Each structure stands twice: as C-alpha cells, then as structure tokens.
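Okay, here's what each chain looks like letter by letter:
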Amino acid sequence: MSDECIFCKIIKGDIETQFVYDDDEIVAFKDIHPQAPIHLLVVPKKHIPTVNALDESDAPLIGKMVLVAKGLAKDFGVNESGYRLIINVERGGGQLVFHIHMHLVGGWENDK
Ligand code: AMP
Ligand code: ZN
C-alpha cells in the first residue's frame, strides 16, 4: 500500500468507488474518463508501480488479471464483439497512475 497512490486509496475505500469486481487480490471499476463505451480498469490490490517492477512471484497475479478481464468482458457483453486489454508502461507508454492496472476497452459499434 502507498499512502499517496490513488488506486490504493480506492482499494482501501478512502475514495468512493463502485467496484464491478472485487476479490481478495483484485478489484475492477469503471474508468473515470472512459475512452470507449466499455472502459474498465482491472487492478491488483498489491501496490506494484509498473510492469517494470514485476518479478517472477507476480506471475500468477498477472495471469489472474487477464482471467478477471475475460470474465468482465463477458459480464459487460463485449466478449464476442471483441475488446482490448492494455497495460501502459512508464510515462513514455502513457502510464499516468503508478499502480499497475489493465484497461479493458470495447463496445464500439461495428466491432471497430
Ligand atoms: P494509465 O494512463 O494507464 O495510468 O491509466 C490511468 C487511468 O486511470 C486513466 O484512464 C484515468 O482516467 C483513470 N483514473 C484516474 N483516477 C481514477 C478514478 N478515481 N477512478 C477511476 N478511474 C480513474
Ligand atoms: Zn497503489
């Protein structure tokens, strides 16, 4: 946990957020500035700043993030039309929040 981290605050409940998924390791919630009709963030409860900070022991957690995203894609009805799973890494890769997270985006018309 990091006191300064906005996603740690969300996970702790310090910032009111409606979770669309919540278990002992992972939460998911809607992005506050959606870039697509469906835009969710899948976030591990463990504070890991970036992909570059991952180590071998995090492999099951990252795998589980993909599986949670898969389930959410189905829940939100975009599993068949298709979706993107995106992890931005470091500032040059577009990362703004330094608590690792996966974007699930989809729901475009015409399956664009
Ligand atoms: P990234 O650029 O990959 O670090 O993505 C960070 C994402 O977090 C952006 O898409 C923001 O819109 C989103 N975000 C920031 N603060 C919040 C918040 N309080 N609730 C939901 N999403 C947020
Ligand atoms: Zn954090």
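Rules of the game
Residues numbered from 1 in each chain as written. Chains lettered and ligands numbered in written order. Predicted model: local features only at pLDDT ≥ 70, side-chain atom pairs only at ≥ 80, totals over all residues. Heavy atoms only, no water. Near = heavy atom within 4 Å. Polar contact = N/O pair within 3.5 Å; in protein donor to acceptor, adjacent residues only side chain to side chain. Areas by Shrake-Rupley, 256 points an atom, 1.4 Å probe, with all protein chains shown as cover. Helix = DSSP H or I, 4+ residues; strand = E, 2+ residues; numbered from the N terminus. Nonpolar A, V, L, I, M, F, W, Y, C, P; charged D, E, K, R; others polar. Donors = N, O, S within 2.8 Å, 3.2 Å for Na, K, Ca; no water. Tetrahedral: all angles 85-135°; square planar, octahedral: opposite > 155°, others 65-115°. Salt bridge = Lys/Arg side-chain N within 4 Å of Asp/Glu carboxyl O. Buried < 20%, exposed > 50% of the residue type's maximum accessible area, 1.4 Å probe, protein only. 1 Å grid on protein atoms, 1.4 Å probe; cavity = no way out; pocket = protein on both sides within 12 Å on 5 of 7 lines; lining within 4 Å. Points joined across faces, edges and corners; volume = space filled by probe spheres on them.

J.: Could you give me a rundown of the site of ligand 1, with the residues and numbers involved?
T.: Near ligand 1 lie 16 residues; those nearest to it are D31, G94, L96, H101 and H103. The contact in question runs from a nitrogen atom of ligand 1 to an N or O atom on the backbone of I32, over 3.1 Å. Take L96: an N or O atom from its main chain is 2.7 Å from an oxygen atom of ligand 1. Across the complex, the protein chains shield 86% of the 510 Å² of accessible surface that ligand 1 would expose by itself. Broken down by secondary-structure element, the contributors of at least two residues to the shell around ligand 1 are helix 1 (6-12) and strand 2 (26-30). When residues of the shell around ligand 1 are assigned to their parent elements, the largest contribution, three residues, is made by helix 1. Residues of the shell around ligand 1, tallied by class, amount to eight nonpolar, six polar and two charged.

J.: Give a detailed account of the coordination of the zinc ion (ligand 2), specifying residues and quantitative values.
T.: With distances of 2.0 to 2.3 Å, the protein atoms coordinating the zinc ion (ligand 2) are C5 (SG), C8 (SG), H47 (ND1) and H99 (ND1). Seen from the zinc ion (ligand 2), its four donor atoms lie at angles of 105 to 117°, and the figure they make is tetrahedral. When the donor residues of the zinc ion (ligand 2) are listed from N- to C-terminus, their spacing reads C-x2-C-x38-H-x51-H. Of the two residues, C8 is situated in helix 1 and H99 in the loop between strand 4 (83-86) and strand 5 (102-106); the sequence distance between them amounts to 91 residues.

J.: I'd love a proper account of the pattern of salt bridges, names of residues and values included.
T.: What the rule picks out here adds up to six salt bridges. One salt bridge connects K64 with D24, and the closest N-O pair in it is separated by 4.0 Å. Of this pair, K64 sits in helix 2 (residues 59-75) while D24 is found in the loop between strand 1 (19-22) and strand 2, placing the two residues 40 residues apart along the sequence. Its relative accessible area of 65% is what places D24 among the exposed residues. Connected through salt bridges with shared partners, the residues D23, D24, E25 and K64 form a single ionic network.

J.: Describe the layout of surface pockets, and please don't skip the residues or the numbers.
T.: Each pocket or cavity is described by its volume, and for the largest pocket that value is around 540 Å³. Every residue lining the largest pocket is counted, 23 residues in all, and those nearest its centre are F7, D31, I32, H33 and L41. Breaking the lining of the largest pocket down by element, the ones donating at least two residues are helix 1, strand 2, strand 3 (38-44), strand 4 and strand 5. If one sorts the elements of the lining of the largest pocket by residue count, helix 1 sits on top with three residues. A breakdown of the residues in the lining of the largest pocket according to their chemical character gives 11 nonpolar, eight polar and four charged.

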